[in-house]
Each structure stands twice: as structure tokens, then as C-alpha cells.
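# Coordinate analysis (summary)
Residue-level listing of the chains:
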Amino acid sequence: MYKCLFKVLGLVLPLIVFQCALLENLNVAHFELHPNSWAMVRAFEILCPFFNIQPNVLVFLFFFQVKLTGKNGWVSLNSMSKKLFEFDSNVFRHFKDHFFKEATDVQ
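Heads up: these notes are all about the structure in this document. (Residues numbered from 1 in each chain as written. Predicted model: local features only at pLDDT ≥ 70, side-chain atom pairs only at ≥ 80, totals over all residues. Heavy atoms only, no water.)

On to the nonpolar core, then. Buried together is how nonpolar side chains tend to be arranged in soluble globular proteins. One finds Phe 18, Leu 22, Leu 33, Trp 38, Val 41, Phe 60 and Leu 77 to be the most contacted residues of the largest nonpolar core, which totals 21 residues. Contributions of two or more residues to this core are made by α2 (17-26), α3 (35-47), α4 (57-63) and β2 (75-79). Among the elements that line this core, the one with the most residues is α3, at five residues. Every residue in contact with Leu 77, bar those within four places of it in the chain, is listed here: Leu 26, Leu 33, Ser 37, Met 40, Val 41, Phe 60, Gln 65 and Val 66. (Core = buried A, V, L, I, M, F, W, Y, C linked by side-chain atoms within 4.5 Å. Buried < 20%, exposed > 50% of the residue type's maximum accessible area, 1.4 Å probe, protein only. Helix = DSSP H or I, 4+ residues; strand = E, 2+ residues; numbered from the N terminus. Contact = heavy atoms within 4.5 Å.)

Another point: the pattern of salt bridges. Pairing of side chains with opposite charge becomes possible as their charged atoms draw close. Considering all chains together, one arrives at one salt bridge under this definition. The shortest N-O distance in the salt bridge between Glu 45 and Arg 42 comes to 2.5 Å. Remark: Arg 42 and Glu 45 occur in helix α3; sequence separation between them is three residues, near one turn of the helix. Note on Arg 42: relative accessible area 18%, which makes it buried. (Salt bridge = Lys/Arg side-chain N within 4 Å of Asp/Glu carboxyl O.)

With an omega dihedral of 0°, the bond running from Leu 13 to Pro 14 counts as a cis peptide bond. Mapped onto the secondary structure, Pro 14 falls in the loop between α1 (3-7) and α2. At Asn 27, a position not held by glycine, the phi torsion is positive, near 60°. By the secondary structure assignment, Asn 27 is in the loop between α2 and α3.

A separate point is α2. Phe 18, Gln 19, Leu 22, Leu 23 and Leu 26 are the residues of α2 that are buried. Seen along its axis, α2 keeps its buried residues to an arc of 130°; they face one direction. Away from the buried face of α2 by more than 90 degrees, exposed residues Val 17 and Glu 24 are located. Contacts from the buried residues of α2 go to α3, α4, β1 (64-68) and β2. (Arc of directions from axis to C-beta.)

The following block contains the structure:
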């Protein structure tokens, strides 16, 4: 996992129900989703209470579409509307330089 997901976006483990449901629907693991896409997920989660709705996979996928990025294995999300969310492109410029390995309990 990349540190920017936790430091910049405030992602926490274990993931919340909406995040798990979205990943399951997209058929991807949390580390396969590009950090820019995680930013869209987090922005959506933060905005939902302002519209008095619970984060919901169907609503999320109404606004975003999945884009496979080819050879590197990343899965990205694109906004269906160009101006839905705008992010500073420099925030995740060197995200691959700072990561940590998740420990798993294998017995």
C-alpha cells in the first residue's frame, strides 16, 4: 500500500463497508486501485452526508466509470462529468516512492 492513501486521503484499515463493496463490484484489490481513483472514492464519501445519502456503489458508478490502464495493472476511475472533482495532479506525483507492506495473518 502507498503511504499517500493514508497520509493525504485519510484512508484507514480495515476499509469501510462502502469501500469493500466497491472493490468487490469492480473485482479489484485495494492496492490495484490507482491513488487518484482512491481520491475520487474519498471525495464521494465525504460529499454524501451533505446530500443526505449513504455512500452507495450504484450511485458512485453512476458518476464514475472504470478504466483499465493496460500493462501496469492499475485500475482507474474516470468521472462521467469532466468537472465533477478536480485534484492537484502533483499530490501523487511520487507516490511509488513511499509505501509499506501489509502484514497478513497466515496460519
